[in-house]
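Chain by chain, the residues run as shown.
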Number of protein chains: 2
Amino acid sequence: MSVASGQSVPSAQPAKHTSFHPLAPLSAHEITSAAAIIKASWPAHTDLHFKVITLHEPPKAEVIPYLEAEHSKKSRPTISRKAFINYYIRNTNKFHEAIVNLSSGKILNNVLLGPNFHANGDGDEIIAIEKIALEDESVKAEIAKLKLPEGTVVISDPWIYGSDGINDDERLYQCFLYMRDPMNPSEADSNHYALPLPISPVITTENMKVIRIDILPTGADNTIKELQPYQIKPPNEYIPEYQTLRTDLKPLNVVQPEGASFKITREGTSSTLSWQKWNFRIGFNQREGMVLYDVRYDNRSLFYRMSLSDMNIPYADPRHPFHKKSAFDLGDAGAGIMANNLKLGCDCLGSIYYLDAHLSDDKGGVTHMENVVCIHEQDAGIGWKHTNYRTGRAAVVRSRELVLQSIITVSNYEYILAFVFNQAGELDYEIRATGILSTQPIDDGIEVPFGTVVHPGVLAVHHQHHFSLRVDPMIEGHENRVVYDEAHAMPRSDFNPHGTGYYVKSTVVEESGGYDLDFDKNRTFKIQNANVRNPVNGYPVGYKIQAPPFQKMLSDKDSYNYKRAEFADHNIYVVKYRDGELYSGGQYTNQSRGGTGVRSWADRKESVKDADIVLYIQAGINHIPRVEDFPVMPCETFRIQLKPVNFFDKNPALDVPPSEQSFNKSVQVAETHQQPSVVGKIGKDGEVCCTSKL
Amino acid sequence: MSVASGQSVPSAQPAKHTSFHPLAPLSAHEITSAAAIIKASWPAHTDLHFKVITLHEPPKAEVIPYLEAEHSKKSRPTISRKAFINYYIRNTNKFHEAIVNLSSGKILNNVLLGPNFHANGDGDEIIAIEKIALEDESVKAEIAKLKLPEGTVVISDPWIYGSDGINDDERLYQCFLYMRDPMNPSEADSNHYALPLPISPVITTENMKVIRIDILPTGADNTIKELQPYQIKPPNEYIPEYQTLRTDLKPLNVVQPEGASFKITREGTSSTLSWQKWNFRIGFNQREGMVLYDVRYDNRSLFYRMSLSDMNIPYADPRHPFHKKSAFDLGDAGAGIMANNLKLGCDCLGSIYYLDAHLSDDKGGVTHMENVVCIHEQDAGIGWKHTNYRTGRAAVVRSRELVLQSIITVSNYEYILAFVFNQAGELDYEIRATGILSTQPIDDGIEVPFGTVVHPGVLAVHHQHHFSLRVDPMIEGHENRVVYDEAHAMPRSDFNPHGTGYYVKSTVVEESGGYDLDFDKNRTFKIQNANVRNPVNGYPVGYKIQAPPFQKMLSDKDSYNYKRAEFADHNIYVVKYRDGELYSGGQYTNQSRGGTGVRSWADRKESVKDADIVLYIQAGINHIPRVEDFPVMPCETFRIQLKPVNFFDKNPALDVPPSEQSFNKSVQVAETHQQPSVVGKIGKDGEVCCTSKL
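Residues numbered from 1 in each chain as written. Chains lettered and ligands numbered in written order. Predicted model: local features only at pLDDT ≥ 70, side-chain atom pairs only at ≥ 80, totals over all residues. Heavy atoms only, no water.

### Description of unusual backbone geometry
What is expected of a backbone is that most residues other than glycine have negative phi and most peptide bonds are trans. Keep this limit in mind: The helix count covers DSSP runs of H or I at least four residues long, the strand count covers runs of E at least two residues long, and both are numbered beginning at the N terminus. For every residue, the accessible area (1.4 Å probe, protein chains only) is compared with the maximum for its type, and the residue is labelled buried under 20%, exposed over 50%, or partly exposed between those bounds.
Following Phe630 of chain A, the chain continues to Pro631 of chain A via a peptide bond in cis, the omega torsion being 0 degrees. Cis geometry marks the peptide bond from His320 of chain B to Pro321 of chain B, where omega comes out at -5 degrees. Here Pro321 of chain B lies in the loop between strand S14 (300-314) and strand S15 (326-327). Positive phi, normally seen in glycine, also occurs at Lys277 of chain A, with a value near 80 degrees. Examined against the element boundaries, Lys277 of chain A turns out to sit in the loop between strand S11 (270-275) and strand S12 (278-285). Backbone geometry places Gln591 of chain B, a non-glycine residue, at a positive phi of 55 degrees. You can see Gln591 of chain B is positioned in the loop between strand S30 (572-576) and helix H7 (598-602). Residue Gln591 of chain B is classed as buried on the basis of its relative accessible area of 0%.

### Regarding the relation of the copies chain A and chain B
Just so we agree on the cut-off: Here the copies are superposed with least squares, the fitted atoms being C-alpha atoms of residues at a pLDDT of at least 70 in both. Contacts: residue pairs with any heavy atoms within 4.5 Å of one another.
Least-squares fitting of chain A to chain B yields an RMSD of 0.0 Å, with the transformation described by 0.0 Å of translation along the axis and a rotation of 180 degrees. Expressed as an axis order, the relation between the two copies is that of a two-fold axis. When C-alpha positions in chain A are compared against the rotation axis, the closest is assigned to Val254 of chain A, at 2.4 Å. Looking at the interface residues of chain A, 99% of them are also at the interface in chain B, so both copies use one shared face.

### What to know about the sheet that holds strand S3 (residues 95-101) of chain A
Residues and elements named next belong to chain A. Stated precisely, the cut-off is as follows: Pairing between strands is defined by DSSP: at least two bridges between them are needed. Comment: axis = line fitted to C-alpha atoms, over the contacting stretch for helices; angle = value between 0 and 180 degrees taken between N-to-C directions.
Here four strands make up an open sheet; going across it, the order is S1-S2-S3-S4 and the pairing antiparallel. This sheet does not close on itself; its edge strands, each paired only once, are strand S1 (48-55) and strand S4 (106-112). For this sheet the average axis-to-axis angle between neighbouring strands, irrespective of direction, equals 20 degrees. One ladder, built from six bridges, connects S3 with S4; its direction is antiparallel. By the bridge assignment for S4, Val100 is matched with Ile107. The strands touched by helix H1 (residues 28-40) are S1, strand S2 (82-89), S3 and S4; relative to S1, the strand with the most contacts, the crossing angle is about 135 degrees.

### Brief notes about helix H2 (residues 60-71) of chain B
Residues and elements named next belong to chain B. The condition is simple: What a helix should span is 1.5 Å times the count of its residues minus one.
Between its first and last C-alpha, H2 extends 16 Å over 12 residues, near the 16 Å set by a 1.5 Å rise per residue. Listed as buried for H2 are Lys60, Val63, Ile64, Tyr66, Leu67, Ala69 and Glu70. The inward-facing, buried residues of H2 contact strand S12 (278-285), strand S13 (289-297), S14 and strand S24 (463-473).

### With respect to the UniProt feature "domain: Copper amine oxidase N2-terminal" (unreviewed entry) in chain A
What counts, and what does not: UniProt positions are given in the numbering used here, feature names are shortened, and annotations may be inferred rather than shown by experiment.
Under the local residue numbering, the UniProt record ascribes the feature "domain: Copper amine oxidase N2-terminal" (unreviewed entry) to residues 21-109 of chain A. Annotation note: span residues 21-109 of chain A, helix share 28%, strand share 30%, distance between end C-alpha atoms 23 Å.

### Examining the interface of chain A and chain B
Here is the rule we go by: Accessible area, probed at 1.4 Å, shrinks when two parts are joined; the buried area is that loss added up over both. A pair is scored as a salt bridge if a Lys or Arg side-chain nitrogen falls within 4 Å of a carboxyl oxygen belonging to Asp or Glu. N or O atoms within 3.5 Å of each other form a polar contact, as long as, within protein, one can give a hydrogen and the other can take it, and as long as residues adjacent in sequence are counted only when both atoms are side-chain atoms.
With 212 residues of chain A at the contact, the number on the chain B side is 211 residues. When chain A packs against chain B, close to 17900 Å² is buried across both sides, 53% of that on carbon and sulfur atoms. On the surface where chain A and chain B come into contact, there are 15 salt bridges. Summed over the shared surface of chain A and chain B, the number is 115 residue pairs in polar contact (both at pLDDT 80 or more).

### Things to note about the pattern of salt bridges
Under the counting rule described, the total for this entry stands at 105 salt bridges over all chains. The shortest N-O distance in the salt bridge between Arg90 of chain A and Asp362 of chain A comes to 3.2 Å. Placement of the pair is Arg90 of chain A in the loop between S2 and S3 and Asp362 of chain A in the loop between strand S16 (351-360) and strand S17 (366-387), with a sequence separation of 272 residues. The exposure class of Arg90 of chain A is partly exposed, given its relative accessible area of 21%. Where Arg281 of chain B meets Glu267 of chain B, a salt bridge forms, and the shortest distance between an N and an O atom there is 3.2 Å. Residue Arg281 of chain B is located in strand S12, and its partner Glu267 of chain B is located in strand S10 (residues 263-267); the two are separated by 14 residues in the primary sequence. Across this residue pair, the class does not change: Arg281 of chain B and Glu267 of chain B are buried. Beyond isolated ion pairs, a larger network of salt bridges with shared partners links Asp47, Arg90, Asp124, Asp362 and Lys363 of chain A.

### Observations concerning the pairing of strand S7 (residues 199-204) of chain B
All names here are of chain B. Burial analysis of S7 places six of its six residues in the buried class, which makes it a mostly covered element. Across the two faces of S7 the burial is the same, with Ile199, Pro201 and Ile203 and Ser200, Val202 and Thr204 all buried. As defined by bridge partners, strand S6 (residues 172-179) adjoins S7 across three bridges and the pair is classed as antiparallel. Bridge assignment links Leu172 to a residue of S7, and that residue is Thr204. When S7 meets strand S8 (residues 209-215), the two strands line up antiparallel, connected through six bridges. Paired with Ile199 across the two strands is Ile215, which belongs to S8. The antiparallel pairing of S7 with S8 creates a hairpin that spans four residues between the two strands, and Met208 there sits at a positive phi of about 55 degrees.

As structure tokens, then:
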């Protein structure tokens, strides 16, 4: 096994589980062992439908001494490996949660979950649902009423059913139907979202049958019209062969002649990365995708664990069945299992290192996910600069960033998710929303205030994206606090006679709860360790959070949308750490009822001052679609930033080598013959002008 | 003259002023002609101190037909060239404003300005002030009380005096004193801001004499202590030879084998740039630096003029004389005249084109400013992506950006200012704040709520950065309106039975005024042309403004800070266009009294609906210094974004060629021998681990 192979080959691992780091993802061998142990607990030939088999992370209390031993190069304690498993008895509603000790082979827990606990969708299931919807005779009968052109290919997009409390105790799928361009039905990559149909079959996963067919409202109100013969609409393709491409974009290559500056150490299924004083461990799982552990800078501890915890996308159309569109893409499907296989030279520039993953499939086998994380460096412009105007000497450094990127496809939509590190001790989480809008049919000439017509007959409904980043800090240790600073004007006084003074007031967050930004007060949240002081000014060492503004959940407080998305009502939740609490929307989000997420944990009103705390930082977009977002949307990009505040004793990027031509090798346009050549010509009224010709 | 020369050579211009584009900056010849015409209006040997000689832009009503003729390739009308001039009779307070017609050689206007109108500082003046402060015997006597080590070099930083209405009708400078590291006094680039002194001479520019010496408060209150012998403090240098530099950063080169994708056409002192369907004219002047004119996309008009209009940085320390620290760097000095000479391979990567400028000096001569603007492309990650999960086919394009960057040094501070264009019809204005904090002495062991101790004995006071971007739109014509959209929850009803619905409400801005963002309502401002409708959905074509949140002016409404910074109290000002109104803080900001800026223009309460309007978009930072911001601060970066909203009929970046390895030439880390080579070794407890060695 070698870092250069770009492969993780767990079969090459010794069976000895002690060889695994306690935070290492399950190996393929461990996944199949876990499945075998569960299968063995049932009568032979019981058909189990596995939903997830993933690492059951050890209690933090066990991991901390392990990490301390690891960093002090002492011998590390043995921690038994455990798997967390969800499964059904196939084609029943018998949903189980189990924990298996892989070191001992023992089942520690294996329980049938009660009503209203439903598993995520999985790939094979979704493909089966698509097929069932389209092959159902009653669905075909409805489609026939549209009198679609001969040879039209209808596409079914299964959607997680959502919750409204009306006949939805069963696990259901709502399918939305579209068609390929009827004039070009053989194009498998035709953008069917440009051609939505008003028919929506509902399927139960208990016996995989259509239980209902919803006809969609296509006007301004909630009237359901009788199905009419379909009026031909134009296609709107996004793939390049249907475009007249620009021809004037010249190549821009990122060349790293000495290779990348980062160093990756593989240890079984786990990797550690070191780069520019940063050091951390990378994990990957079915639900969260990328997870960072034990993040340190210059050997000083910063974060125990970081991951995208949850995501919720509620839609604005209140009409049945659209009111149930409220996706929790991590809990309902999984950021790991939906990760793209990233292609060299397509998704990143420069010197790229790829990570693979092994995830479970629905039969207890292994899905080998290739290139699910790409790791590379990028230039981020000037890092800092000062010019001494007296001597004319400029001191300048560039900012180099390290990017760990994963891209997930959630049927129509894409999210580009990245952890970004820089040389100034800053760590960002970048989110780019792209892909194709979820669309529905709308009658000609209709305008609605809850969506935008982005193509003839196509409505793209407004929707909110709520992201929840889980940050488990260990700023110089595990006893941390959250403080928020506000800037306030000073009242006039002998001290402030001209009304110009202002001051900063710090408030300690004492109790677990949801907290909000207030830009008019410049309210800034910091994670601090009050027991470690800055050597220069004696302030507690800390990191501040810079999160962009977003509009919080618009659904009302009695709605299921609000009850389920327990993170979407505050910028920041601060709670006391508890093992097993990882997902701010709760462990089981599919058709969930709420009461199991971060809002509920915060309601314990625990003291979070100088304690082992966890933060959930929310950000998002209220996406009011533009025509420009169709047929595929330009990335909408934002970052949650974590920046040191009095953590270092000076600018930590002060030691970055100066930005110099000998290192950067830039080219002056004037200095290369490949650059615009120029002809002077006499313009009208005798002027001389110069035109560069490319 | 050639585009490849990277030089503007106005002397090579024909004298015929008709050869100049009406928006072209003054040529060196025009600058000296303008000065000569003014000088000739005074008795021989009158010593004039010129403050600015710059293009007096023609009335928009004259320029519009010119641009129409230009774009329709018709013969263009002749517009006379005019210069705007400010000057003093040297060493008096006689401050003049003049306009000269360069085509006719006639003075159109030449007036002595009244009290409280003061000019910007200029380079020669500032150097003279430094000298006067240090050579003044009474200042030397105060410095002597500090008993500084033999050979200590004291540095004087002249500051614009600011306004408090107390004996400040005269034009004054406040100097803050520092010293080089006394142990290393020959280091001309020593960071003197790490060693501030408590003595502050005040100088009048009328006779260039010290009129007062302020002793600075160095405690927590406003007590002025008697000067004591200086206690040696450590230095804190930022230049590389005093650092132990990191050695593990490998080169990252941006290589453009076919050169840059942009095309620049030089026309006298003016340049037009075309890139990826964008086309615009670039100007540069003493006050604003870069100015963009006639910005079009795919030949559709968008913006008549864009520039940074003003900037204000008030400080939080209310104690005399610090309460007067409130810089207007554009009006008090000038973003053009302070622009850095950008160095190849230091300030940008890739294929770089540089623009020069010719600005006036204090004697009516010419300062040739080299490389004041660098123009280059950069990769901005993925532009859009969609993966068809059924076929596995990914369609992805990268986002290429065009950057026009200018960097200004305002004594201690730097601002990196850039217009950034992309292929999705988006135009951003990026601001990076870097450089060195303005510092003052503080006694050991003192903490204050209005500043941060960033080094022993050094206080960096909190300060607000308020930037004001002027946007003169012409979205498909000059009759535009501003609309703001808000997203609101729908009340429960038969239409919204589950409380999940929400809708967007649009409000037209009818009257000139200051308007604010409201993130809790997702309030979004758009510039629209109501007479031009989107072909897909019939909405007015428009551009939306995405500006980051910032805390508005904290100084109270009766303060001079508030009265002078007429833009700093609202996110967005909308006013009706008037010729000559360019600077949101007023024409003359130095020791200004207010009443001459955008707040005053807005108070005219003019109708701005479907009119020729101008927007001033504010953004900024409340900079609460961290130790990490010293001795030089890592860039604090933010962008004001302008994005099309129903302006195009689909994603305008749909025609960007696919992102492919054949074009991007990325390198898989596993595929180059220069990458980490790996050795497997047996770790403790028999595990196999792999360590990559660089």
